[in-house]
Amino acid sequence: MGSTPGRPGRVAPLYSEWLTFVGISVDHRDNTNLYMDAAEAYRNACLNAIEYLTKWGYTGEQAYLILGTSPIEGRIGGVVDIPNAACSVFLPTEIFDFDVRPNGDGPIYTDRGQVAVASS
């Protein structure tokens, strides 16, 4: 099977405002530097986004699903800053029905229900 280009997907809607979350290649469970591990850096960026969304009242599962179903953008920001790799996750603010951007009042926790649960 040869390599063939895929069909382009829909490009609309286009978003103009994004929340940015950064992660570096450190395993924060034991603060071990994983030396240029971009996968760990991206994982940490996603975990930072999940942590931020939980401050607004989403459960961890809901935040995970938001990242998994939203048109996020992921970027490798740097692999030349030895010993760390840095990655970013960009989450469009327009997908929310409230202002999720940081502000002077800080995140306002609102119970968003429990529509997603972790399987055991």
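Refer to the structure presented above.
Nothing here was measured: the structure is a model prediction, and the numbers come from that model. (Residues numbered from 1 in each chain as written. Predicted model: local features only at pLDDT ≥ 70, side-chain atom pairs only at ≥ 80, totals over all residues. Heavy atoms only, no water.)

A.B. asks: Help me out: how do you make sense of the sheet that holds strand 1 (residues 18-24) in this one?
C.D. replies: Each strand in a sheet pairs with another by means of backbone hydrogen bonds, the pair being arranged parallel or else antiparallel. Spatially, 1-5-4 is the arrangement adopted by the 3 strands of the open sheet, whose pairing is antiparallel. A single partner strand is all that each edge strand has here, and the edge strands are strand 1 and strand 4 (73-78). Pairwise comparison of adjacent strand axes, ignoring direction, gives a mean angle of 25° for this sheet. Bridging between strand 4 and strand 5 (residues 86-92) involves 5 bridges; their strand directions are antiparallel. Looking at the pairing, R75 lines up with S88 of strand 5. (Pairing = 2+ DSSP bridges. Helix = DSSP H or I, 4+ residues; strand = E, 2+ residues; numbered from the N terminus. Axes fitted to C-alpha atoms, helices over the stretch in contact; angles between N-to-C directions.)

A.B. asks: Whenever I open this one, unusual backbone geometry confuses me. Can you help?
C.D. replies: Despite not being glycine, N31 shows a phi value in the positive range, around 55°. Structurally, N31 can be placed in the loop between strand 2 (26-27) and strand 3 (32-33). Using a relative accessible area of 58% as the deciding quantity, one classes N31 as exposed. One non-glycine residue with positive phi stands out, namely Y35, at about 40°. Among the secondary structure elements, Y35 is positioned in the loop between strand 3 and helix 1 (38-54). (Buried < 20%, exposed > 50% of the residue type's maximum accessible area, 1.4 Å probe, protein only.)

A.B. asks: Even after reading the chapter, I still don't get the packing of aromatic side chains, so can you show me in this structure?
C.D. replies: Given two aromatic rings, their pairing is described by the distance between the two centres and the angle made by the two planes. In the structure shown here, the tally under the stated rule is 7 aromatic pairs. Residues F21 and Y52 carry aromatic rings whose centres are separated by 5.6 Å and whose planes lie at 55° to one another, so their mutual orientation is tilted. With F21 in strand 1 and Y52 in helix 1, this pair connects stretches of sequence that are 31 residues apart. On the accessibility criterion, Y52 (13% relative accessible area) is buried. Ring centres of F96 and F98 lie 5.8 Å apart, and the angle between their planes is 65°; this geometry places the pair in the edge-to-face category. You can call F96 buried: its relative accessible area is 11%. Against the face of F90 rests R75, its NZ or CZ located 4.3 Å from the ring centre. We note R112 situated over the ring of F98; from NZ or CZ to the ring centre the distance is 4.0 Å. (Phe/Tyr/Trp six-rings, centres within 6.5 Å; stacked < 30°, edge-to-face > 60°. Lys NZ or Arg CZ within 6 Å of the ring centre and 35° of its normal.)

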